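So the chains spell out like this:
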Amino acid sequence: MDALSNIPTVAHVIQQAVAPVFLLTGVAGILGVLTSRLGRAVDRFRTLNMLFENGADEHYPEMRILARRAHWIHWAISLCTVCALLICLSIVALFVGTEIAVDPSPVVSFLFVAAMLALIGGLLCFLREIALATGMISLPGPK
């Protein structure tokens, strides 16, 4: 009979864990976009590096910007990954706290706030990378 009395408690914990799981899905989508942008920047850098090694010095400014973009994307990916890990830990804390009959609220609150701060940092890094990418775009002057 004791196992049946725990069903409502577990069901409640699962309900509480649904929101962080949806957030985790959103962060995974952001990570997908970031890794795609990193791959494109790295591929372009490699192409320009081959030209640079063959004496095409005019590509050096673009290579510098690509290196800065890769740096900002790296930080965005790192912070968003930390966010995802903290979300996972908050979900684990919900379940573990329920199982050992301890109030997990302080730990879950701390982990969730830390996750949001990491996400904010990652999005700010992403915003900076976007600014660098769009700053590279310019129309050629009339000939």
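Residues numbered from 1 in each chain as written. Predicted model: local features only at pLDDT ≥ 70, side-chain atom pairs only at ≥ 80, totals over all residues. Heavy atoms only, no water.

S.K.: Help me understand helix α3 (residues 105-135) in this model?
M.R.: For α3, which comprises 31 residues, the first-to-last C-alpha distance of 44 Å matches the rise-based estimate of 45 Å (1.5 Å per residue) to within 8%. The set of residues buried in α3 consists of Val108, Leu111, Ala114, Ala115, Ala118, Leu119, Gly121, Gly122, Cys125, Glu129, Leu132 and Ala133. (Helix = DSSP H or I, 4+ residues; strand = E, 2+ residues; numbered from the N terminus. Expected span 1.5 Å × (residues − 1). Buried < 20%, exposed > 50% of the residue type's maximum accessible area, 1.4 Å probe, protein only.)

S.K.: Hey, could you run me through the nonpolar core in this one?
M.R.: Across soluble globular proteins, nonpolar side chains have a tendency to be buried as a group. Core analysis: the largest hydrophobic core is formed by 23 residues, its most contacted members being Val27, Leu34, Cys80, Cys83 and Ile87. Where this core is concerned, the elements lending two or more residues are α1 (2-53), α2 (60-99) and α3. Examining the composition of this core, we find that 11 residues originate from one element, α2, more than from any other. Not counting residues within four places of it along the chain, the set of residues in contact with Val27 comprises Cys80, Cys83, Ala84, Ile87 and Leu119. (Core = buried A, V, L, I, M, F, W, Y, C linked by side-chain atoms within 4.5 Å. Contact = heavy atoms within 4.5 Å.)

S.K.: What is the right way to read the side chain of His59 from this model?
M.R.: For His59, the position within the fold is in the loop between α1 and α2. The buried category is assigned to His59, whose relative accessible area is 18%.

S.K.: Where do I start with the confidence of the model for the chain in this structure?
M.R.: The predicted coordinates should not be examined in detail at positions where pLDDT is low. Per-residue confidence for the chain gives a mean pLDDT of 87, with 88% of residues at or over 70. Mean pLDDT values for the elements of the chain range from 83 in α1 up to 94 in α3. (pLDDT = per-residue confidence, 0-100.)

S.K.: Could you clarify how one ought to interpret a nonpolar patch on the surface in this entry?
M.R.: A cluster of nonpolar side chains, contributed by Val113, Leu117, Ile120, Leu124 and Leu127, occupies part of the molecular surface with about 510 Å² of accessible area. Of note, Ile120 is situated in helix α3. (Patch = residues over 30% accessible without salt bridge, like charges linked within 9 Å, V, L, I, M, F, W, Y side chains within 5 Å. Areas by Shrake-Rupley, 256 points an atom, 1.4 Å probe, with all protein chains shown as cover. Salt bridge = Lys/Arg side-chain N within 4 Å of Asp/Glu carboxyl O.)

S.K.: Help me understand the pattern of salt bridges in this model?
M.R.: It is possible for side chains of opposite charge to pair when their charged atoms get near one another. Under the definition given, this model contains 3 salt bridges. Linking Glu129 and Arg37 is a salt bridge whose minimum nitrogen-to-oxygen distance equals 2.8 Å. Taken as a pair, Glu129 in helix α3 and Arg37 in helix α1 lie far apart in primary sequence, 92 residues in all. Of the charged contacts in the structure, one is a salt bridge between Glu129 and Arg69, with a shortest N-O distance of 2.7 Å. Taken together, the residues Glu129 in helix α3 and Arg69 in helix α2 connect sequence positions 60 residues apart. Glu129 gets classed as buried once you look at its relative accessible area, which sits at 0%.

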